[in-house]
Amino acid sequence: MAMTVLSTIVVVAALFSVAATGAASAARIDVVPSSDLQAVLNGASDGDTVALAPGDYRGPIRIERKLALIGQPGAGVLGHGQGSVITVVAPDVTVRGLAVRGSGRDPQTMDSGIFLTQTAERALIEGNRLEDNLFGVNVHGARGSRVAHNTIEGLRGIRLNDAGNGVRVWNAPDVVVDGNTIRYGRDGIFSVTSTKDRFINNRFEKVRFAVHYMYTNDSEISGNVSVGNHGGYAIMYSNRLTILGNVSERDRDFGLLLNYANFSRIERNRVVGGPLSGISADFEGVDADKGMMPVERGAAAAEFGPTKCVFIYNANKNRFRDNWFESCDIGVHFTAGSEGNEIVGNAFIGNRNQVKYVGTRDLDWSKDGRGNYWSDNPAFDLNNDGIADAAYRPNDLVDRVLWTAPAAKVLINSPAVQVLRWAQSQFPALYPGGVVDTHPLIAPPALPMPGVAP
């Protein structure tokens with residue numbers, strides 16, 4: 001106790017000494033674990049750097065000055081299981097190099113490892129390790145903030161929907177979330193009622209959705225990698241987005257989901273399915289909540305994912321170009337009156353069903369003489385122009401019967417079904433309305449590589 005009081009007196013005296021001399025430059029305040037960290041922060045001035053020596057510091061703490069809180073390797077701030085561990089109120093604050101653990105568990109107060117209030121504009125949260133917190137970093141209206149190169153691990157051993165998100169963004173324009181690794185918890189990044197944000201170059205593992213957008217417009221999701229999650233990129237009620245160069249690998253339910261998402265550019269993304277063995281077991285102690293959209297899984301799909309590479313539900317006037325959709329149960333599930341979407345230059349490789357579209361209207365998935373590549377299209381290209389000589393139809397009458405009456409699958413190899421399919425091939429007028437690619441590609445486009453967003 002005597003050492004704690006003495007250390008605090010020494011640090012506070014140093015602060016008063018700097019102020020008394022009228023030093024023009026900002027001060028560096030070195031702090032040891034025996035110090036009262038909150039008292040040091042309260043006594044600091046704008047522009048100071050508070051440097052923490054290795055060791056554990058007692059939280060929670062509140063930063064009300066424009067300062068930098070920097071941890072040397074091994075420095076950490078520990079909460080006591082109530083509220084947020086670090087709350088930032090002042091603008092232009094940096095928090096770097098800290099281990100942050102032990103927030104509360106109250107979803108109503110959104111207890112977080114680091115909580116940025118609405119006045120904490122232009123915060124920089126960089127190079128920290130956050131674990132055992134309900135939410136990792138909560139950007140609650142702090143416009144212009146940057147969350148970069150952190151490792152965030154959420155709660156484990158509880159119901160998935162009771163856990164918080166790795167990064168939560170609410171009503172915070174011009175936020176950048178870059179280069180973080182996020183595991184466990186509910187959603188990797190959850191953005192609601194925001195605009196002009198960039199989520200780039202992050203990696204997500206063992207969460208519900210890698211990125212979840214709700215009412216977020218004019219924003220960008222680029223260069224991210226989602227591996228083994230319940231779903232990849234869930235875009236809902238959001239407009240004018242750029243979704244570029246992302247990867248979804250063996251996510252269980254979907255790679256990309258667009259629900260009431262409009263006027264967006266979806267290009268050079270890669271969704272690849274595969275065996276789920278060893279992935280679902282990683283969700284320790286969680287339930288199987290599916291989120292907001294229904295999930296259809298048959299016996300064959302139970303050990304294989306995703307169910308859908310892309311789920312397009314009432315999403316309009318989007319541009320899908322040069323994407324790669326491989327080894328899903330369904331390549332594209334297209335439904336609920338989606339209109340005006342441009343789907344060109346994409347590769348559909350080895351999906352059990354390339355397209356599921358229950359509708360009567362004809363949709364041509366080609367533009368300006370160029371369509372998509374379909375791995376199951378036995379096409380010819382006699383003039384060697386790279387375009388197949390006949391149109392491709394991914395669905396027929398039999399598919400429609402199987403979608404509406406799955407039990408009919410037992411008849412799939414029956415002579416009657418084979419005769420029906422032969423008759424459709426001879427008399428195209430028998431085909432139902434649906435998707436047609438009038439200019440299918442004879443060879444797949446280049447495989448998009450997991451890019452790094454600029």
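All of these numbers come straight from a predicted model, not from anything done at the bench. (Residues numbered from 1 in each chain as written. Predicted model: local features only at pLDDT ≥ 70, side-chain atom pairs only at ≥ 80, totals over all residues. Heavy atoms only, no water.)

Observations regarding the pairing of strand 19 (residues 189-195)
1) Next: A large share of strand 19 lies buried, amounting to 5 of its 7 residues.
2) Next: Bridge analysis of strand 16 (residues 167-170) against strand 19 gives 4 bridges, and the strand direction is parallel. When the bridges of strand 19 are listed, Val-169 appears paired with Ser-191.
3) Next: Sheet topology places strand 19 next to strand 22 (residues 209-217); 6 bridges connect them, and they run parallel. Note on strand 22: the bridge partner recorded for Ser-191 is Tyr-213. (Buried < 20%, exposed > 50% of the residue type's maximum accessible area, 1.4 Å probe, protein only. Helix = DSSP H or I, 4+ residues; strand = E, 2+ residues; numbered from the N terminus. Pairing = 2+ DSSP bridges.)

Topic: the confidence of the model for the protein
1) Next: Residues of the protein with pLDDT of at least 70 account for 79%, and the chain-wide mean is 85.
2) Next: This stretch, residues 1-24, has a pLDDT under 50; its non-local contacts, to residues over four places away or in other chains, come to 18 contacts.
3) Next: Predicted confidence for residues 280-302 stays below pLDDT 50, and this span has 53 contacts to residues more than four positions away or in other chains. (pLDDT = per-residue confidence, 0-100. Contact = heavy atoms within 4.5 Å.)

Description of the nonpolar core
1) Next: If you look at the biggest cluster of nonpolar residues, it comprises 76 residues, and the most contacted ones within it are Val-50, Leu-52 and Ile-86.
2) Next: Residues in contact with Leu-52, not counting those within four places in the same chain, are Val-31, Leu-37, Tyr-57, Leu-69, Ile-70, Gly-71, Gln-72, Ala-75, Val-77 and Leu-98.
3) Next: Formed by 9 residues, the second largest nonpolar core is a distinct cluster that contains Phe-190, Val-192, Met-236 and Leu-257. (Core = buried A, V, L, I, M, F, W, Y, C linked by side-chain atoms within 4.5 Å.)

What about the packing of aromatic side chains?
1) Next: Counted by the stated rule, this structure contains 12 aromatic pairs.
2) Next: The interplanar angle of 5° and the centroid separation of 5.1 Å between the aromatic rings of Tyr-237 and Tyr-260 together place this pair among those described as stacked. Linking Tyr-237 in the loop between strand 25 (231-236) and strand 26 (242-244) with Tyr-260 in the loop between strand 28 (254-259) and strand 29 (265-267), this pair joins segments that are 23 residues apart in sequence.
3) Next: Its relative accessible area of 32% is what places Tyr-237 among the partly exposed residues.
4) Next: Exposure remark for Tyr-260: the relative accessible area of 35% places this residue in the partly exposed category.
5) Next: Seen from their ring centres, Phe-348 and Trp-374 are 4.3 Å apart, and the 5° between their planes marks the pair as stacked. Separated by 26 residues along the polypeptide, Phe-348 in strand 38 (residues 347-349) and Trp-374 in strand 41 (residues 373-374) bring together distant segments of the chain.
6) Next: Residue Phe-348 is classed as buried on the basis of its relative accessible area, which comes to 0%. (Phe/Tyr/Trp six-rings, centres within 6.5 Å; stacked < 30°, edge-to-face > 60°.)

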